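# Inside the fold
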Amino acid sequence: MKMNERKMSKELENRLQKEGRTFTYDREKESLRIENEHTGKGIDIALSGIVAKWHEQKEKAIDEVVYYVEQALDVMGKEQTVAGSEKKIYPVIRSTSFPVESEDGNKFLTDDHTAETRIFYALDLGNTYRLIDEHLIEKEGLDPKEIREIARFNVRSLSTAMKKDTVADNDFYFLNTNDGYDASRILNEKFLEEKAGQIKGDMVVAVPHQDVLIIADIRNKTGYDILAQMTMSFFTKGLVPITALSFIYEDGKLEPIFILGKNQRVDDGKE
């Protein structure tokens with residue numbers, strides 16, 4: 001069987017069909033929108049990444065998306081409270097192209113991070129989460145500064161155990177717990193500093209999608225090519241893609257790097 005975006009849209013529509021739900025396929029954007037017809041709230045699914053994943057994992061890729069969407073739709077329209085749930089507030093990393101407000105114009109609490117990434121704040125709800133927005137802040141009389149501090153504190157409590165792979169004398173470390181906050185570990189400054197102390201070559205960090213953090217110890221030119229291929233592969237397969245670019249970590253700062261084909265690297269977009 002050959003899978004494409006249109007077929008994937010039909011498959012997801014069949015699996016997610018429920019009374020009161022509407023489905024809209026956007027051929028230009030290759031996305032599927034699923035909406036609650038009573039509330040008008042819904043979710044947009046980018047299909048190309050799921051199709052790429054399907055070619056490797058078949059039904060497992062579809063099962064994962066169906067589970068994710070069901071959980072997200074279940075939460076929509078329900079009231080959540082932050083009071084008493086402070087231990088469940090975490091920062092989440094998103095692409096700078098990710099919407100900074102909800103569909104009804106409610107601005108999310110955000111902070112600048114890098115030229116490629118932005119920080120959002122989320123209330124963990126178990127199998128999914130809700131991004132913290134102005135409405136929730138005003139309704140509960142929350143202090144945005146306090147939310148930021150709590151989230152940073154909580155992310156430091158998450159596991160930082162990594163798996164290591166060595167290719168062509170370069171070491172690659174992967175953090176992939178699938179708790180929804182793997183990429184968020186990039187905000188654990190103490191963790192990055194400790195890792196920097198163990199790196200012998202260039203320390204390069206990547207967050208291609210929400211559920212993976214890669215730290216690379218690059219010791220030769222081939223290492224950059226391997227990392228570029230790796231991050232692009234992760235980026236195209238993630239449910240929540242962030243960026244296919246990597247970041248050089250030096251003196252506590254992250255700077256985007258562009259890897260141009262074989263053994264070429266550009267820092268900050270400048271040669």
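This is a predicted model, so every value here is computed, not measured. (Residues numbered from 1 in each chain as written. Predicted model: local features only at pLDDT ≥ 70, side-chain atom pairs only at ≥ 80, totals over all residues. Heavy atoms only, no water.)

### Here we look at the overall build of the protein
For clarity, the threshold we go by: Numbering goes from the N terminus for both helices and strands, where a helix is a DSSP run of H or I of at least four residues and a strand is a run of E of at least two. Computation of the radius of gyration draws on C-alpha atoms, with the globule rule given as 2.2 Å multiplied by the number of residues to the power 0.38. Categorising residues by exposure relies on relative accessible area from a 1.4 Å probe, with only protein chains included: less than 20% of the type maximum marks a residue as buried, more than 50% marks it as exposed, and the intermediate range marks it as partly exposed. Throughout, a contact is declared for two residues whenever any of their heavy atoms are within 4.5 Å. Accessible surface is estimated by sampling points in the Shrake-Rupley manner with a 1.4 Å probe; for residues, cover comes only from the protein chains shown. All tallies of charge rest on Lys and Arg as positive and Asp and Glu as negative; His and the ends of each chain are not included. Charged groups are reduced to one reference atom each: NZ for lysine, CZ for arginine, CG for aspartic acid, CD for glutamic acid.
Scanning the protein for helices and strands turns up seven helices and 14 strands. Here the C-alpha atoms of the protein give a radius of gyration of 20 Å, agreeing with the 18 Å that 2.2 N^0.38 yields for 271 residues. Going through the 271 residues of the protein one by one, you find that 46% of them count as buried. In the protein, the proportion of contacts linking residues at least 24 apart, taken out of those at least 6 apart, comes to 57%. Accessible surface for the protein amounts to roughly 14500 Å². Of this, 46% is attributable to carbon and sulfur atoms. The protein carries 39 positive and 50 negative side-chain charges, and their two centres are separated by 3 Å.

### A look at a negative patch on the surface
This is how the line gets drawn: Each patch is built from residues that are more than 30% exposed by relative accessible area and take part in no salt bridge. Like charges join if they lie within 9 Å; nonpolar side chains (Val, Leu, Ile, Met, Phe, Trp, Tyr) join within 5 Å. We define a salt bridge as a contact between a side-chain nitrogen of Lys or Arg and a carboxyl oxygen of Asp or Glu at a distance within 4 Å.
On the surface, Glu86, Asp143, Glu146 and Glu149 cluster together to form a negatively charged patch. Turning to its location among the elements, Glu149 is positioned in helix 5 (residues 144–155). Residue classification places Glu149 among the partly exposed positions, given a relative accessible area of 48%.

### Some remarks on the packing of aromatic side chains
What counts here: When two rings of Phe, Tyr or Trp (its six-membered ring) have centres within 6.5 Å they constitute a pair, described as stacked for plane angles under 30 degrees, edge-to-face for angles over 60, and tilted for the intermediate range. Only when the NZ atom of a Lys or the CZ atom of an Arg is both within 6 Å of the ring centre and within 35 degrees of the ring normal do we say a charge sits over the ring.
Taken as a whole and assessed by the stated rule, the structure comprises five aromatic pairs. Consider the rings of Phe108 and Phe120, whose centres lie 6.0 Å apart with planes at 65°: the pair is edge-to-face. Here Phe120 lies in strand 6 (residues 117–124) and Phe108 lies in the loop between strand 4 (89–95) and strand 5 (110–112), a separation of 12 residues in the sequence. Using a relative accessible area of 15% as the deciding quantity, one classes Phe108 as buried. Counting every residue linked through ring pairs, the aromatic cluster contains Tyr90, Tyr129 and Tyr181. The lysine or arginine in question, Lys58, covers the ring of Trp54, its NZ or CZ lying 4.5 Å from the ring centre. In this arrangement the basic side chain of Lys195 is found over the ring face of Tyr173, its NZ or CZ atom lying 3.8 Å from the centre.

### Focus: the packing of helix 1 (residues 5–16) against helix 2 (residues 47–57)
Our working definition: Axes here mean lines fitted to C-alpha atoms, for a helix over just the part in contact, with angles spanning 0 to 180 degrees between N-to-C directions. Reported orientations rely on four angle classes, namely roughly parallel under 35 degrees, roughly antiparallel over 145, roughly perpendicular from 65 to 115, and oblique for the rest. Gly is placed with the polar residues, together with every amino acid not listed as nonpolar (Ala, Val, Leu, Ile, Met, Phe, Trp, Tyr, Cys and Pro) or charged (Asp, Glu, Lys and Arg).
It is at 9 Å that the axes of helix 1 and helix 2 come closest, and there the two elements cross at 90°. Of the possible angle classes, the one that applies to helix 1 and helix 2 is roughly perpendicular. Contact residues: helix 1 offers Glu5, Met8, Ser9 and Leu12, while helix 2 offers Leu47, Ser48, Ile50, Val51 and Trp54. The class makeup of the residues in the contact of helix 1 with helix 2 is six nonpolar, two polar and one charged.

### Section: helix 2
Every buried residue of helix 2 is accounted for by Leu47, Gly49, Ile50, Val51, Lys53 and Trp54. Of the residues trailing helix 2, Lys58 is marked for its positive phi of about 50°.

### Some points on the nonpolar core
Stated precisely, the cut-off is as follows: Here, nonpolar core means buried Ala, Val, Leu, Ile, Met, Phe, Trp, Tyr and Cys residues that are tied together by side-chain atoms lying within 4.5 Å of each other.
In terms of nonpolar packing, the biggest core is built from 30 residues, with Ile89, Ile93, Ile186, Val205, Val207 and Ile215 touching the most fellow members. The contact partners of Ile89, leaving out residues within four places of it in the chain, are Val82, Ala122, Leu123, Ile132, Ile147, Ile150, Ala151 and Asn154.

### Points about the sheet that holds strand 1 (residues 21–26)
The line we're drawing: Strands were regarded as paired on the criterion that DSSP finds at least two bridges between them.
Ordered in space as 1-2-3, the three strands form an open sheet in which the pairing is antiparallel. Here the strands that pair on one side only, and so sit at the sheet edges, are strand 1 and strand 3 (42–46). This sheet shows a mean twist of 15° between the axes of neighbouring strands, independent of strand direction. Running at roughly 175° to strand 1, helix 1 makes contact with strand 1, strand 2 (31–36) and strand 3 of the sheet. The strands touched by helix 2 within the sheet are strand 1, strand 2 and strand 3, with strand 3 carrying the most contacts at an inclination of about 55°.

### As for the environment of Lys58
With respect to the helices, strands and loops of the structure, Lys58 is situated in the loop between helix 2 and helix 3 (59–75). On the basis of relative accessible area, Lys58 is assigned to the partly exposed category, the value being 40%. Lys58 sits 55 residues away from Met3 along the chain, and the two C-alpha atoms are 9.7 Å apart.

### Considering unusual backbone geometry
We note that Lys58 has phi near 50°; this positive angle belongs to a residue other than glycine. A positive phi angle, near 50°, is found at Ala168, a position not held by glycine. The residue Ala168 is located in the loop between strand 8 (163–167) and strand 9 (170–175) in this model. The class of Ala168 is partly exposed, set by a relative accessible area of 38%.

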